[in-house]
Amino acid sequence: MQSQENIIREFYAAAEGRGTDTEKFVSMFSDDGYMRDIPSGTDFRGPAIGKSIADFARAFPDVHRELLSIYVVENVVVVELATRGTHEGALALPSGPLAPTGKSIDVPSCDVFHLENGKVASFHCYNAVSVMLQQLGVSGG
């Protein structure tokens, strides 16, 4: 059986830039697993999880998540990371799509996972969206 840390490393690898494998990414969730974007309060389930990751990869085709620290306690994995990339595609925002700016992002984040039987039961993504918006030049970010 894979270690909890290796499962999560594989999870992130499936969401890397031009190599994004949304099918694999979604398959790593349990049947009732979900992803929660903490800043927006949005939960994603099933195909919506894949759409969310694919949309972000289209906006930042070179997206890379540098895993800075990984903490594992039983079935809980906490990851401190930096999400980096270049804004080359439309980015969906609550105010409407943001046209490509060509600017780079380096967004601090912390992700909390609960795993069950080798699958992600919950993934809570605490990302500093305000930092990303400032880096993209969006006022009020």
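Being a predicted model, the structure only gives us computed values, none of them experimental.

J.: Give a description of the overall build of the chain that names residues and reports values.
T.: In terms of helices and strands, the chain carries four helices and six strands. When the helices and strands of the chain are listed from N to C terminus, the series reads α-α-β-β-α-β-β-β-β-α. Taking 2.2 N^0.38 as the reference for a compact globule, 141 residues should give roughly 14 Å; the C-alpha atoms of the chain span a radius of gyration of 15 Å, in line with that estimate. The dimensions of the chain, computed from C-alpha atoms along their principal axes, are 45 × 30 × 25 Å.

J.: A description of the environment of P47 should follow, citing residues and the corresponding values.
T.: Residue placement: P47 occurs in helix 3 (residues 47-59). Residue P47 is classed as exposed on the basis of its relative accessible area of 69%. A sequence separation of 25 residues divides P47 from T22, and the C-alpha atoms of the two residues are 9.0 Å apart.

J.: Please give an account of the pairing of strand 6 (residues 119-127) that cites residues and values.
T.: Of all the nine residues making up strand 6, seven are buried; the element is thus mostly covered by neighbouring parts of the structure. Of the strand pairs in this sheet, strand 1 (residues 29-37) and strand 6 are connected by five bridges, and their pairing is parallel. Residue pairing for strand 6: M35 is matched across the bridge by F123. The hairpin formed by strand 5 (residues 104-116) and strand 6 contains two residues between the paired strands, and N117 there has a positive phi angle of roughly 55 degrees.

J.: With reference to specific residues and values, describe the pattern of salt bridges.
T.: Evaluation of the coordinates by the stated rule reveals eight salt bridges. The partner of K51 in a salt bridge is D55, and the shortest N-O contact between them spans 2.7 Å. Taken together, the residues K51 and D55, both in helix 3 and four residues apart, mark about one turn of the helix. For K51, a relative accessible area of 51% translates into the label exposed. Through salt bridges with shared partners, a single network forms among K51, D55 and R58.

J.: Which residues make up the packing of aromatic side chains, and what are the values?
T.: This model, assessed by the stated rule, comprises nine aromatic pairs. Taken together, a centroid distance of 5.9 Å and an interplanar angle of 85 degrees make the contact between F11 and Y12 edge-to-face. The pair formed by F11 and Y12 is uniform in burial state, with each residue classed as buried. Centroid distance F113 to F123: 4.7 Å. Interplanar angle 10 degrees. Geometry classified as stacked. Taken together, the residues span a long stretch of sequence, with F113 in strand 5 and F123 in strand 6 at a distance of ten residues. By the ring-pair criterion, three or more aromatic residues cluster together here, those being F11, Y12, F25, F29, F113 and F123.

J.: Tell me about the sheet that holds strand 2 (residues 42-45), residues and numbers included.
T.: Judged by pairing direction, the sheet is mixed, and its six strands sit side by side in the order 2-1-6-5-4-3 without closing on themselves. Looking at strand neighbours, the two that pair on one side only are strand 2 and strand 3 (64-73), the edges of this open sheet. Strand-to-strand, the axes of this sheet are offset by a mean angle of 20 degrees, without reference to chain direction. Summarising the sheet, strand 1 and strand 2 pair through four bridges and their orientation is antiparallel. Each bridged residue has a counterpart across the sheet, and for D37 the counterpart in strand 2 is T42.

Reading the values: the criteria
Residues numbered from 1 in each chain as written. Predicted model: local features only at pLDDT ≥ 70, side-chain atom pairs only at ≥ 80, totals over all residues. Heavy atoms only, no water. Helix = DSSP H or I, 4+ residues; strand = E, 2+ residues; numbered from the N terminus. Rg over C-alpha atoms; globule rule 2.2 N^0.38 Å. Buried < 20%, exposed > 50% of the residue type's maximum accessible area, 1.4 Å probe, protein only. Pairing = 2+ DSSP bridges. Salt bridge = Lys/Arg side-chain N within 4 Å of Asp/Glu carboxyl O. Phe/Tyr/Trp six-rings, centres within 6.5 Å; stacked < 30°, edge-to-face > 60°. Axes fitted to C-alpha atoms, helices over the stretch in contact; angles between N-to-C directions.

None of this, on its own, says anything about what the molecule does.
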